[in-house]
Amino acid sequence: MFIQQLINGLSVGSVYALMAVGYALIYSLLNFTNFAHSISVTIGAFATFFFLTYAMQNLLAGIIMGVIAAALLAAFIQFAAYRPLLRRNARRVYLMIIGLGMSVIGDNLVIIAFTGRFRVYPVNFTAQSIGLVDIIIFAVSILALVIVELIIRKTRLGLAIRGASFSLDITALMGVNTYKLITAIFLIAGSLAGIAGALLGAKYTTYPSLGTFYTNKAFICAVIGGLGSLPGAVLGALILGVSEALISAYVSTAMRDLFAYILLILILLVRPSGLMGKSSEDKA
């Protein structure tokens with residue numbers, strides 16, 4: 001029982017990590033929380049569902065389609081909603097507010113387009129043993145996170161990202177096109193959101209508020225680990241995922257979501273910068 005719940009917790013925690021790293025990447029550059037991240041998760045799940053239903057029943061191909069759809073949507077949101085404010089050097093809190101608006105608009109457009117009913121992937125994914133499903137999800141999530149880490153550590157794009165995380169203005173002075181860099185960050189974050197959405201749809205079901213529900217948890221993970229810290233986001237996600245699984249098994253499923261928000265409040269009271277974050281000025 002314990003081993004099964006531990007595997008389940010690692011599986012869910014690794015999906016949280018995909019979304020939390022997306023939050024951390026954008027925050028590290030732009031110093032605001034991208035609450036429009038949730039709609040990319042939802043679209044990733046729906047794109048995967050429709051591809052599996054109407055194109056081919058190949059889960060890997062479906063996940064790739066979900067990644068493409070989510071990444072393109074994230075880039076579009078950046079271009080249409082955030083870039084005009086960034087060009088005017090708007091306060092970061094305005095970016096956060098417009099992100100919340102985009103999230104609500106996105107959820108409602110999904111309901112209008114696809115109705116609010118729940119959808120199950122047509123592939124026989126959950127017919128496998130529960131432990132195997134969780135191991136596959138954990139492996140896919142970790143592979144995606146390792147690829148992002150290699151991009152950041154081993155490529156010129158990653159060098160620009162690391163430089164911009166210290167100072168976007170100085171990075172611009174060094175000749176980097178910061179608008180292209182920001183677009184690249186949104187594409188990476190959107191891709192991670194697409195993978196998360198596709199995996200959540202495979203493990204559970206696909207529905208319009210899928211992204212909103214799970215990105216709320218991912219945001220808590222990012223705060224626990226320290227906003228802007230990628231290792232912190234992964235650590236916070238695994239802590240929350242395993243804790244929720246154990247609480248559901250040994251205490252009560254009703255306490256699971258309550259625990260997440262209690263942990264958020266405790267972290268903010270005891271260590272506002274998170275487990276691996278650094279103290280800095282107030283940011284949105």
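Residues numbered from 1 in each chain as written. Predicted model: local features only at pLDDT ≥ 70, side-chain atom pairs only at ≥ 80, totals over all residues. Heavy atoms only, no water.

### A look at helix H6 (residues 156-166)
- Here H6 has its buried residues at Gly158, Ala160, Ile161 and Ala164. The buried side chains of H6 occupy one side of the element, clustering within an arc of 160° when seen end-on. Opposite the buried face of H6, at more than 90 degrees from it, the exposed residues are Arg156, Leu159 and Phe166. (Buried < 20%, exposed > 50% of the residue type's maximum accessible area, 1.4 Å probe, protein only. Helix = DSSP H or I, 4+ residues; strand = E, 2+ residues; numbered from the N terminus. Arc of directions from axis to C-beta.)

### Describing the environment of alanine 45
- Of note, alanine 45 is situated in helix H2 (residues 37-54).
- Sequence separation between alanine 45 and isoleucine 64 is 19 residues, and the spatial gap between their C-alpha atoms is 11 Å.
- Sequence-distant contacts of alanine 45, that is, excluding residues within four places in its chain, are made with Tyr121, Gly197, Ala198, Thr206 and Leu210. (Contact = heavy atoms within 4.5 Å.)

### Focus on the packing of aromatic side chains
- Summed over the entire model, instances satisfying the criterion amount to 13 aromatic pairs.
- The interplanar angle of 40° and the centroid separation of 5.6 Å between the aromatic rings of tyrosine 82 and phenylalanine 186 together place this pair among those described as tilted. Residue tyrosine 82 is found in helix H3 (residues 59-87), and its partner phenylalanine 186 is found in helix H8 (residues 178-203); the two are separated by 104 residues along the sequence. Judged on exposure class, the residue tyrosine 82 and its partner phenylalanine 186 are both buried.
- Residues phenylalanine 213 and tyrosine 214 carry aromatic rings whose centres are separated by 4.9 Å and whose planes lie at 85° to one another, so their mutual orientation is edge-to-face.
- Exposure remark for tyrosine 214: the relative accessible area of 9% places this residue in the buried category. (Phe/Tyr/Trp six-rings, centres within 6.5 Å; stacked < 30°, edge-to-face > 60°.)

### Points about the pattern of salt bridges
- Under the defined criterion, the tally for this structure stands at five salt bridges.
- With a shortest N-O distance of 2.9 Å, glutamate 244 and lysine 217 are connected by a salt bridge. On the criterion of sequence distance, the pair formed by glutamate 244 in helix H10 (residues 230-250) and lysine 217 in helix H9 (residues 210-225) is long-range, its members being 27 residues apart.
- Residue classification places glutamate 244 among the buried residues on the basis of a relative accessible area of 3%.
- For lysine 217, a relative accessible area of 3% gives the class buried.
- Overlapping salt bridges, with partners in common, bring together Lys217, Glu244, Arg256 and Asp257 in one network. (Salt bridge = Lys/Arg side-chain N within 4 Å of Asp/Glu carboxyl O.)

These figures come from the coordinates and say nothing about function on their own.
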